[in-house]
Amino acid sequence: MAQDRPLLDPSPRPPPAPLLPEPPIRLDPAARSARVDRISFVADTPVPRRGSRADSDRLAASQRELSDDDARLVYINDPSRTNERFEFAGNSIRTGKYSVLTFLPRNLFEQFHRVAYIYFLVIAVLNQLPQLAVFGRGASVLPLAFVLLVTAVKDAYEDWRRHRSDRIENGRTASVLAGAGAGGRQFQPVRWKDIRVGEIIRIAANESIPCDMVLLFTSDPTGVAYVQTINLDGESNLKTRYAKQETLSKSVDMEGFTGFIRCERPNRNIYGFHANMEIDGRKVSLGPPNIVLRGCEIKNTAWAVGVAVYAGTETKVMLNSSGAPSKRSRLETHMNRETLLLSGLLITLCLVVCVLAGVWLRNHKDELDYSPYFRKRASPDDDSSYNYYGIGMQIFFTLLMSVIVFQIMIPISLYISMELVRLGQAYFMIRDASLYDEASNSRFQCRALNINEDLGQIKYVFSDKTGTLTENKMEFQCASINGVDYSGGKASLPGDGEAYSVVGDQFWRPKLLVKTDPQLVRLLRSGGERGEGMRAREFFLALAACNTIVPLTVETPDPKRKLIDYQGESPDEVALVYAAAAYGFVLVERTSGHIVIDVLGERLRFDVLGLHEFDSDRKRMSVIIGCPDKTVKLFVKGADNSMFGVIERSINLDIIQATETHLHAYSSLGLRTLVIGMRELSRAEFDDWQSAYEKASTTLFGRGGLLRAVAANVECNLHILGASGIEDKLQQGVPEAIESLRQAGIKVWVLTGDKQETAISIGYSCKLLTSEMTQIVINSHSKDYCRKSLEDAIAMTDRLAAMSLGAQNTITGTESQRVPIALIIDGTSLVYILETELEEELFKVATACDVVLCCRVAPLQKAGIVALIKNRTDDMTLAIGDGANDVSMIQMADVGVGISGQEGRQAVMASDFAMGQFRFLVTLLLVHGHWNYQRMAYMILYNFYRNAVFVFMLFWYVLYTAFSLTTAITEWSSVLYSVIYTALPTIVVGILDKDLSRKTLLKYPQLYGSGQREERYNLKLFILTMMDTVWQSLAIFFIPFLAYRHSTIDGSSLGDIWTLAVVILVNIHLALDVFRWNWITHASMWGCIVATAICVIIIDSIPVLPGYWSIYHVMGTGLFWLLLLGITVAGMVPRFAMKAFTEYFMPSDIQIARELEKFGNLNEATASEIPMSTFSQPQQGFI
């Protein structure tokens, strides 16, 4: 949520002192006891005040100035002096990874991080040795070279695009102050890459900023500039930046414009900047409002001038361009286990060949002089050894040669096939019209191609609330002013007595209209200057003044009418300012020193004497206003648990209690609430604040803590004005989406920064919480209370579980449905639980619950909750959010999904997938996730099977050739087997095949459970597949062997039969498992068989290759075709029989649904007609 993000994020500072716990808001005991199914663990003992000594120590430490060695010194308008002493980075950027010289070594180094590639490289090197040359030297290198080449071409193209982008970026021009002489210094165009730190730069409207620079002056007399940061953080709302008053009077073309800036070293914090500027002997403090960052654009400002302080790779945007951490899919991790098993099987086959070869050599040692492969002598009279190195070395050579022959047991083509399949799957996900959001005009984005299949195995979904479950489009609904609730009256329609401001002969009115309460409108217009009327006016004056909103005028077809468009970083603030305008308090102008508000038709100017922006520690913001009547007023707004701690309770206690009651009612309706307070400052109080503020703001290091302390000192003893209720409506389809996810066996946890009552109300609205659930509430303010609450919660969950298991239905004798449980816990409790020994207790409670709702949680606590599950279970986790405060949670989860919402694109940029609406998650997981997992799981097993069949066939041949490791299959057929003969069909099936239709998967979410239970890929299925592989290899080898045993056919002709037979068999095997046929599948599958036959014919037609004309000797006989048919039938009979048996007698959920699709009417079927075995064991059958 935007409200949770600090606008003034402090620089690195000493560890904060323990925060003062806010007193919890107590619910009405009667209301609490009305629900018998809600168990609340709330600490009732007051908590002592802590942290004052630590706070004072921290403040003292932060007042220390930063030395020149620890700070960056920038001499204004003197880049030579600046860069002479300090070797600052130039403004040239480089995002490309490679250069012409480094591409080949670096790319190969990165590719060989895959252990399998090293394995194949070793095999290729061994084959180059004359003693081990089983294949031709070129043919042995070809498969690895092909894979490396394809990957290198892809990487080179991507890097070429990065270099092209860098050249365009570095070649852009900006106006830099340069030159000297009679004409004075003038702005001249300079390429971005030539800009240096210390130079003065002029930026015109709608131009991008070339580097991080401190504003000196702007076209606005007050020094205001409006910037758009969409390229930096994705937020389209305009932000205000200010030049200091001390620099506005200077002229940039004067030689005497000198000074220097002492600022912090480059860092990634885009919301923080701490520096001092010394000009004319006076020290001026600089902060985030005074710096504009590279990548931003100047808007609604004719020009702005600034001095470069960070350039090139040291700019904040470049320091934040590292990207999200790399993730690996669960399926690929499991694949490594099977790869190790295959490696063990490969070693076993090689050892068997070695042992048998040693036995054969020993038994035939007297015949080796006449053996064509083991002649001891070149001639009877020559005693020199020839092609023989003794039994020991021959056994060792046999071992290495067998590794070379059986090398394709580990399929090298699998890696490139997986990349291509994932690319195809991503294409269809991006093109899916059901994932397109018309409101934001955004398509689905697949930002991480290597975890597509993980979408089909998700068990936990961790979701933000605001902007993810809700629209994050705030609408003012009601208010409590001076203890009176203005939510029950009938709201007037927009346009009835709408507020506007008269500017000359023009009428300005707010762009958005808000419904108003007639009673409140009458009170404001006729309430006088005392009592309720005065409090109501001060309430709406606070809404109009206490913010950072920028009012912009928008032209209309009528030249006498203009619209006021309020731009701000927080949707809550925008909603409150529009509400104030609707009631007659129209904000029409904002500068760095004053604001203009049209108060019920009278334009008034208010001086902005001070502003403490919102931060996540205080959870409130304040503004000090100089009013036209010469009084100074402090307006404060913030979260209720923060505000009630600083409101003076000795007066107006009845109003405070009434406001608390109204707040509880608003929260119960799911409204977002803020409390508004104010007090009038005396001259002495204002002088004290101003002195402390100036002292804190000129401190370079630790300024954030000092400013918070200054704000806390003045934000006290407030008079309560009232509270506001803002509605953040649920997104379309959220309740239905959560219900579908729950039916799919996915647990949905909501992690939000909102108060507990608001979160619970939204939980009921979106069907996350139901009336049947027993709620366990943990609100504790100490570690001991947390431990006691968790122990009680564990006892409660155990008792409820025992009740569910023990209850028997007296009529049917079946177990009754278990009692659903919901855990509700706040961020204060998590402070004492996470990263302590209590984590294990929380894990036990949370996993026993159906729903977990975490309230008032900080961003790092969100990541901690995800880690709680991720580090203790094998279940797949998914985190979804839309704001910067969700980034850590998104990166912690196995799968991160960003929502393209109202809070910028930080979450999208850190995510693996991005989409426009929460409801799209159902289609993404239940449809595309299911398809991706089913396809990829089958493709991996099929690749293992396909290569194992070929290896076992070679193994049987070795047993009948004196273990000499000769092969009847040509070396080129061996190389092309995994690359051309059988690769394309599995890629096509992996991209296009669908076991079930979209309609079925959405109608029956329980079908998603097959991926969670790993039914399509598991160790038992792998073992059964290998057993089937052995049988098929026996059929392929022995049927032709026995048929031609007493014939004169040569080995090459027999090898051609085996080549064609294995290709036909593995493709028929694949065809038997295809669910959806289309012309591409037909063309790839049968085309590969035809291509194999053509390749065999071409290879046997080349005289220089072994086996010349072999295929022609056998292809013309009827026995040849009969053998191919017999091999196919014999090899497939066991698999076909097992498949028919399991699907008829032990059908899986997917098989039942497929039969319903084919033979039944899905529209007329009900859930009861499909007995889903959602807790069935993994399918025990062949792939």
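All residue numbers refer to positions counted from 1 along the written sequence of the respective chain. Reporting of local features is limited, given that this is a predicted model, to residues whose pLDDT is at least 70; pairs of side-chain atoms are given and counted only at 80 or more, and all residues count toward the totals for whole chains, interfaces and linings. With hydrogens and water excluded, all non-hydrogen atoms of the structure serve as input to the side-chain values.

- With an unreviewed UniProt entry as reference, the protein is termed Phospholipid-transporting ATPase, source organism Phoenix dactylifera.
- One UniProt comment on the protein, placed under Subcellular location (unreviewed entry), says "Membrane". UniProt positions are given in the numbering used here, feature names are shortened, and annotations may be inferred rather than shown by experiment.

## Some details on the packing of aromatic side chains
- Between 30 and 60 degrees the pair is tilted, below 30 it is stacked and above 60 it is edge-to-face, where a pair is any two Phe, Tyr or Trp rings, Trp via its six-membered ring, whose centres lie within 6.5 Å. Tallied over the full model, the rule gives 38 aromatic pairs.
- Pairing Y566 with Y578 gives two aromatic rings, centres 4.9 Å apart and planes at 70°, and the pair type is edge-to-face. One end of the pair, Y566, is in strand β22 (residues 561–567); the other, Y578, is in helix α15 (residues 571–582), and twelve residues separate them in sequence.
- Relative accessibility thresholds used throughout: buried, under 20% of the residue-type maximum; exposed, over 50%; partly exposed, between the two (1.4 Å probe, protein chains only). Residue classification places Y566 among the buried positions, given a relative accessible area of 4%. Numbering of helices and strands starts at the N terminus; helices are DSSP runs of H or I of at least 4 residues and strands are runs of E of at least 2.

## As for the sheet that holds strand β3 (residues 173–178)
- A pair of strands is labelled paired if DSSP reports no fewer than 2 bridges between them. Read across the open sheet, the six strands follow the order β4-β3-β5-β14-β6-β12; overall the sheet is antiparallel. What marks the edges here is a single partner per strand, and that holds for β4 (186–191) and β12 (291–292).
- When strand β6 (residues 212–218) meets strand β14 (residues 303–310), the two strands line up antiparallel, connected through six bridges. Within the sheet, the bridge partner assigned to L215 lies in β14 and is G306.

## Section: the environment of I1064
- Looking at the secondary structure, you find I1064 in helix α34 (residues 1051–1073).
- Once the C-alpha coordinates of I1064 and I1127 are considered, the two residues, 63 residues apart in sequence, prove to be 9.3 Å apart.
- We call two residues in contact when some of their heavy atoms are within 4.5 Å. If near-sequence neighbours (up to four positions away) are discounted, I1064 is found in contact with I1089, L1124 and T1128.

## What to know about the environment of M678
- With respect to the helices, strands and loops of the structure, M678 is situated in strand β28 (residues 672–681).
- Its relative accessible area of 4% is what places M678 among the buried residues.
- With 43 residues separating them in the primary sequence, M678 and F635 have C-alpha atoms 4.4 Å apart.

## Regarding helix α18 (residues 683–697)
- Any helix carries an expected span of 1.5 Å times its number of residues minus one. Look at α18: 21 Å from first C-alpha to last across 15 residues, which is about the 21 Å you get at 1.5 Å a residue.
- By the burial criterion, the buried members of α18 are F686, W689, A696 and S697. Taken down its axis, α18 places every buried residue within 95° of arc, on the same side. Exposed residues pointing more than 90 degrees away from the buried face of α18 are listed as R683, D688 and K695. This arc describes the spread of directions from the helix axis toward the C-beta atoms.

## Examining the sheet that holds strand β13 (residues 297–299)
- Strand order in the open sheet made by the three strands is β8-β7-β13, with antiparallel pairing throughout. Bordering the open sheet on either side are β8 (238–242) and β13, each of which pairs with just one other strand. Here the strands of the sheet are splayed against their neighbours by 45° on average, with no regard to which way each runs.
- Relative to β8, strand β7 (residues 224–228) runs antiparallel, the two sharing five bridges. Considered in β8, the bridge of V227 is made with K239. Lines are fitted to the C-alpha atoms to define the axes, a helix being fitted only along its stretch in contact, and any angle between axes, read from their N-to-C directions, falls within 0 to 180 degrees.

## Re the pairing of strand β16 (residues 458–463)
- For β16, the tally of buried residues reaches five of six residues, placing the bulk of the element in the interior.
- As paired strands, β16 and strand β34 (residues 876–881) are joined by five bridges and run parallel to one another. Within the sheet, the bridge partner assigned to S463 lies in β34 and is I880.
- The pairing of β16 with strand β30 (residues 747–751) spans four bridges and is classified as parallel. Note on β30: the bridge partner recorded for S463 is V750.

## Here's the deal with the pairing of strand β35 (residues 895–899)
- Buried residues dominate β35, accounting for five of its five residues.
- Residues of β35 alternate between two faces, with V895, V897 and I899 on one and G896 and G898 on the opposite face, all of them buried.
- Judged from the four bridges that link them, β34 and β35 form a sheet pairing that is parallel. From the neighbouring strand, I880 faces β35, where its bridge partner is V897.

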